[in-house]
Amino acid sequence: MNPELIGNRLTELRKNANKSRLQVAKDTGITISALSNYENGLRIPRDEAKQRIAGYYGVSIDELFYAS
């Protein structure tokens, strides 16, 4: 699991959805700070956050976090 690759995917999904980090944070209950860390490849989300993010964007956890 490559944090940079995950960050790039998360950023791309957010931008394609035409959402701000603030909107994603409000909609998912994940803090802006955490989302920023995920998108910048500084941290990998825990399982609960992975589920929220994948559900929010309508993709599978495997597709989002484990595909190469």
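Residues numbered from 1 in each chain as written. Predicted model: local features only at pLDDT ≥ 70, side-chain atom pairs only at ≥ 80, totals over all residues. Heavy atoms only, no water.

A. Here's a closer look at the pattern of salt bridges. Under the defined criterion, the tally for this structure stands at 4 salt bridges. Among the salt bridges present, the one from Glu48 reaches Arg52, with a minimum N-O distance of 2.5 Å. Of this pair, Glu48 and Arg52 both sit in helix 4 (residues 47-57), 4 residues apart, which is roughly one turn of that helix. Salt bridges sharing common partners tie together Arg14, Arg21 and Glu39. (Salt bridge = Lys/Arg side-chain N within 4 Å of Asp/Glu carboxyl O. Helix = DSSP H or I, 4+ residues; strand = E, 2+ residues; numbered from the N terminus.)

B. How the structure looks around the packing of helix 2 (residues 21-28) against helix 4. Relative to each other, helix 2 and helix 4 sit at 110 degrees, their axes nearing to 10 Å. The angle between helix 2 and helix 4 places the two elements in the roughly perpendicular class. Crossing handedness for the pair helix 2 and helix 4: right-handed. Contacts between helix 2 and helix 4 involve Gln23, Val24, Asp27 and Thr28 from the former and Arg52, Tyr56 and Tyr57 from the latter. Class assignment for the residues of the contact of helix 2 with helix 4 results in 3 nonpolar, 2 polar and 2 charged. (Axes fitted to C-alpha atoms, helices over the stretch in contact; angles between N-to-C directions. Parallel < 35°, antiparallel > 145°, perpendicular 65-115°, else oblique. Left-handed = near helix turned anticlockwise from the far one by under 90°. Contact = heavy atoms within 4.5 Å. Nonpolar A, V, L, I, M, F, W, Y, C, P; charged D, E, K, R; others polar.)

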